[in-house]
Amino acid sequence: AVVSTQSTGELSEGILVKESENKFVVWCTGRLGCEGIKIEIKLLRRQDLISLISQLFKPQSDTITITTYLAPEDMDSVVLAIMPRKGLKRLQQEVQDLAHFATERKIENFDMPSTLGILTEFSEVANEFLTSPVCRTISENIDVFDSVHFSDYYTGFKISQEGQVETERPKPVKRLIFNFVIPGHGKKTKNSIMTTTEPLLRMALHMMSRVHKFKLSKENKIKAEKHRIQVEEEYLKQTHVQRQEAAQARRDEKKRLEKEKVQDLDPEAQRRYEEKEYKKSMRRSGPKVKQLKVKTG
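Residues numbered from 1 in each chain as written. Predicted model: local features only at pLDDT ≥ 70, side-chain atom pairs only at ≥ 80, totals over all residues. Heavy atoms only, no water.

Student: So what about the overall build of the protein chain? Which residues, and what values?
Tutor: Summing up its helical and strand segments, the protein chain has nine helices and 10 strands in all. Burial analysis of the protein chain (297 residues in total) assigns 36% to the buried set. When the accessible surface of the protein chain is totalled, it reaches about 19900 Å², and 53% of it is carbon and sulfur. (Helix = DSSP H or I, 4+ residues; strand = E, 2+ residues; numbered from the N terminus. Buried < 20%, exposed > 50% of the residue type's maximum accessible area, 1.4 Å probe, protein only. Areas by Shrake-Rupley, 256 points an atom, 1.4 Å probe, with all protein chains shown as cover.)

See below:
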């Protein structure tokens, strides 16, 4: 196993790397069933006076995000998310794989707090991973738990800015993402408080192993593959239309610039230009005749 501060796996002097004033990262490798694990510790901005004042009115907490990178053979077709119900609908609209594949399931079928919501592609997936021990661990540590997101087709968030076009789609990857909260709202983060995250960290390792071993039923596997093909086809249609619209916009812009250029010419130059453009349009609209050369003698 290797513990590193770089995604390349090269060892550095310290275990934690400081990416910013309040964000630290650790990279780990060597566990069966995954290519690597990235652990991000995001702290409150304690060095920022404005953030400290804002913390008084809207308390927030330090967070831990564990992202597991999986090879294609390490994960079957799985889409599952457990997160607070309050932001469930918004994330389902913004996160691409959840928007394409996941539907909400009844939390009452699982022994977990009603403040949480479940999104998954198939009930089989939720039943496989949300076992009694897992549900009990989440329920007993609800003040530490934030969210879990498993996906074999993770492409991130949708483009939210109006008018912005997705010219190149990210390649779908397999990811397991665990988000935990450090209790106390950053007031007194002691060792005793940090130990409260241990049950959920153990649960994360347990679920990583289950994902590696899990195989979807034959019937649902066929459905999952069909869903992914439909998403790919829809994306190709969408990008084709976008490319056509972009090409038409370039042609319109070119014509506009040419018109502005012609307006600055003298009358005789404008007449020659219009005559030239007329001949071009006639050639384009006229019948195409193929010339054949015949050798004689």
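Student: How would you sum up the nonpolar core? Please name residues and give values.
Tutor: If you look at the biggest cluster of nonpolar residues, it comprises 42 residues, and the most contacted ones within it are M112, F129, L130, F150 and F178. At six residues, helix 7 (residues 198-213) tops the list of elements feeding residues into this core. Setting aside residues up to four positions removed in sequence, F150 forms contacts with M75, V78, V79, L80, F129, R175, L176, F178, M207 and V211. In terms of nonpolar packing, the next biggest core, distinct from the first, is built from 12 residues, V79, A81, A102 and V231 among them. (Core = buried A, V, L, I, M, F, W, Y, C linked by side-chain atoms within 4.5 Å. Contact = heavy atoms within 4.5 Å.)

Student: Lay out a nonpolar patch on the surface in plain terms, naming residues and giving numbers.
Tutor: Together, L49, I53 and F57 make up an exposed nonpolar region whose accessible area comes to about 380 Å². The class for L49 is exposed, based on a relative accessible area of 61%. (Patch = residues over 30% accessible without salt bridge, like charges linked within 9 Å, V, L, I, M, F, W, Y side chains within 5 Å. Salt bridge = Lys/Arg side-chain N within 4 Å of Asp/Glu carboxyl O.)

Student: Describe the layout of surface pockets, and please don't skip the residues or the numbers.
Tutor: For the second largest pocket, the calculated volume is near 440 Å³. Lining the second largest pocket are 16 residues, with M83, L91, D146, S147 and N179 sitting closest to its centre. For the lining of the second largest pocket, the elements supplying multiple residues, two or more each, are strand 6 (79-84), helix 2 (88-94), strand 9 (145-154) and strand 10 (173-181). Here the lining of the second largest pocket is composed, by residue class, of nine nonpolar, four polar and three charged. (1 Å grid on protein atoms, 1.4 Å probe; cavity = no way out; pocket = protein on both sides within 12 Å on 5 of 7 lines; lining within 4 Å. Points joined across faces, edges and corners; volume = space filled by probe spheres on them. Nonpolar A, V, L, I, M, F, W, Y, C, P; charged D, E, K, R; others polar.)

Student: Please set out the pairing of strand 10 residue by residue, giving values where relevant.
Tutor: The buried fraction of strand 10 amounts to eight of the nine residues, a majority that puts the element mostly inside the structure. Pairing analysis gives eight bridges linking strand 5 (residues 63-70) to strand 10, with the strands arranged antiparallel. When the sheet's bridge partners are listed, Y69 is paired in strand 10 with R175. Two elements, strand 9 and strand 10, share seven bridges in a ladder whose sense is antiparallel. (Pairing = 2+ DSSP bridges.)

Student: I'd like a rundown of the pattern of salt bridges, residues and numbers included.
Tutor: According to the stated counting rule, one finds 11 salt bridges in the structure shown. The closest approach of N and O atoms between E40 and K23, which form a salt bridge, is 3.0 Å. On the criterion of sequence distance, the pair formed by E40 in strand 4 (residues 36-42) and K23 in strand 3 (residues 23-29) is long-range, its members being 17 residues apart. For K23, a relative accessible area of 25% puts it in the partly exposed group. The partner of R85 in a salt bridge is E104, and the shortest N-O contact between them spans 2.7 Å. Residue R85 is located in the loop between strand 6 and helix 2, and its partner E104 is located in strand 7 (residues 103-105); the two are separated by 19 residues in the primary sequence. Owing to a relative accessible area of 34%, R85 belongs among the partly exposed residues under this scheme. When its relative accessible area of 30% is taken as the criterion, E104 is described as partly exposed.

Student: Give me the lowdown on the side chain of T68, citing residues and values where you can.
Tutor: With respect to the element layout, T68 can be found in strand 5. In contact with T68, other than residues within four places in its own chain, are C34, G36, I37, K174, R175, L176, F178 and M208.

Student: Got a sec to walk through helix 8 (residues 218-263)? Specific residues and values, please.
Tutor: For the α-helix, the turn length of 3.6 residues means that residues three or four positions removed from each other point alike. Its 46 residues place the ends of helix 8 68 Å apart at the C-alpha level, agreeing with the 68 Å of an ideal helix rising 1.5 Å per residue. Looking only at helix 8, the buried set comprises N220, A224, R228, V231, Y235, T239, Q242, A247 and V262. (Expected span 1.5 Å × (residues − 1).)

Student: Mind laying out the packing of aromatic side chains, listing which residues take part and the relevant values?
Tutor: A full pass over the atoms with the stated rule returns six aromatic pairs. With centroids separated by 5.6 Å and ring planes inclined at 70 degrees, the aromatic side chains of F150 and F178 adopt a geometry described as edge-to-face. Placement of F150 in strand 9 and of F178 in strand 10 is noted, with a sequence separation of 28 residues between them. The residues F150 and F178 share a single accessibility class, namely buried. The class of F178 is buried, set by a relative accessible area of 0%. Between R228 and the ring centre of F101, over which it is positioned, the NZ or CZ distance is 4.4 Å. (Phe/Tyr/Trp six-rings, centres within 6.5 Å; stacked < 30°, edge-to-face > 60°. Lys NZ or Arg CZ within 6 Å of the ring centre and 35° of its normal.)

Nothing here speaks to function; it is all geometry.
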